[in-house]
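# Working through the structure, step by step
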Amino acid sequence: MADPEKAAVPTNEEEMSEEEMEDDDEEGGGRKQLVDKLMKDPQSLPVVVKKRIKALKKIQLKYTELEADFYKEVHALEVKYDKMHQELYEKRRTIVNSEHEPNEEECDFPSDDEDEKDLSKDMEEKAKIEDKEESKVHDFDENTKGIPEFWLTIFKNVDLLAEMVQDYDEPILKHLTDIKLKFHDEPMGFTLEFMFTENEYFTNKTLTKYYEMKCAPDKDDPFSFEGPEIFKCKGCTIDWKKGKNVTVKTIKKKQKHKSRGAVRTITKTVQNDSFFNFFNPPPVPEDPSEEMDEDTQALLTADFEIGHYIRERIVPRAVLFYTGEALDDEDFEEEEGEEGEEGEDDEEEDDPDYDPTKDKAGKDQQPAECKQQ
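Residues numbered from 1 in each chain as written. Predicted model: local features only at pLDDT ≥ 70, side-chain atom pairs only at ≥ 80, totals over all residues. Heavy atoms only, no water.

## Remarks on the side chain of N204
Inspection of the secondary structure puts N204 in the loop between strand 2 (189-196) and strand 3 (206-214). Owing to a relative accessible area of 11%, N204 belongs among the buried residues under this scheme. Here the side chain of N204 touches D239 through a polar contact of 2.8 Å, landing on its backbone nitrogen. In this view, N204 contacts F196, T237, I238 and D239; residues no more than four positions away in its chain are not counted. (Helix = DSSP H or I, 4+ residues; strand = E, 2+ residues; numbered from the N terminus. Buried < 20%, exposed > 50% of the residue type's maximum accessible area, 1.4 Å probe, protein only. Polar contact = N/O pair within 3.5 Å; in protein donor to acceptor, adjacent residues only side chain to side chain. Contact = heavy atoms within 4.5 Å.)

Put into structure tokens, the structure is as follows:
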């Protein structure tokens, strides 16, 4: 049976008269003019209409306030379940750091390797020879304890973190044994705790990064509210051992005396690129109305993004970032987005009414992106 709604709609543009198409264009243009006029001069509306809009905005504000309450309850749930997660994180820590050797039952998890058929003896011998010829990716063997360099490997696998890690950071990060996540209720926020074994670089056993969040509509701009957001963070002091501070470097400069012409060399200490600058973020002004310079704003924005990513992705799914499986998922999501964009182009190319022989621009001109300079 035919759909009465579909039957009422023309199947293509040829069934619409030129007059109907012109009417649609005029109606669309009229709407745009009205919107433009309202944006430029909202006071031009009749008083009764303006009062109704105010009533709608008051309703919208109430919705925004309820939305904030919703997010607060979500955070309370996160705090509740975090207590359960901590037990799992602790089990992970003991296995990674060779404090606990999992038994057969704990290791009973399907993997792709176990689904493959056993190699024949000839294939096994061939594999052994090839293994000897190839350079080793790691030095692990049956006597290896725990999972060495677990967190360093994760940092190097994730682009967002790998950009921060310098070559001279890696020997220090080999001492990183765990990253703990702790949620806070009042004020809303969370703390990241980076646990280290004793090392030659600093005396701290734990480095912390605290993030504070706000979950309330802004009084001056309440309709911009989109949920909880990080608005400030605080690092910690790293007690570096003498000569081991990788966050600073010493440079020498020559200065020439203006009148005497004598030249002297001065030594200056400047900041050095390092992952450990993460624990020394720029301060956030106490006065929210105080403006920050663009560089500080950019640093804090990047810092908040990294802190959120470690909290939301790295800590809960650490083993999947170690194996690279979580990275594959993220790459797949990006590829899906790219394919979607390509699909739109394909629709244009597959237009049944398109005749390339009549397209003079297509024959005689290059696309804008390919113009010769």
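## A word on the pairing of strand 1 (residues 176-184)
Note: strand 1 against strand 2, eight bridges, orientation antiparallel. Bridging across to strand 2, L176 finds its partner in F196. (Pairing = 2+ DSSP bridges.)

## Describing the sheet that holds strand 1
Pairing in this open sheet of four strands is antiparallel, and the strands run 1-2-3-4 from one edge to the other. Edge positions in the sheet fall to strand 1 and strand 4 (229-234), since each of these pairs with one other strand and no more. In this sheet, adjacent strand axes meet at a mean angle of 20 degrees when their direction is disregarded. (Axes fitted to C-alpha atoms, helices over the stretch in contact; angles between N-to-C directions.)

## Remarks on the side chain of E170
If you trace the backbone, E170 turns up in helix 8 (residues 170-173). In terms of polar contacts, E170 uses its side chain to reach the side chain of K156, at 3.3 Å. Excluding residues within four positions of it along the chain, E170 makes contact with L152, K156 and V165.

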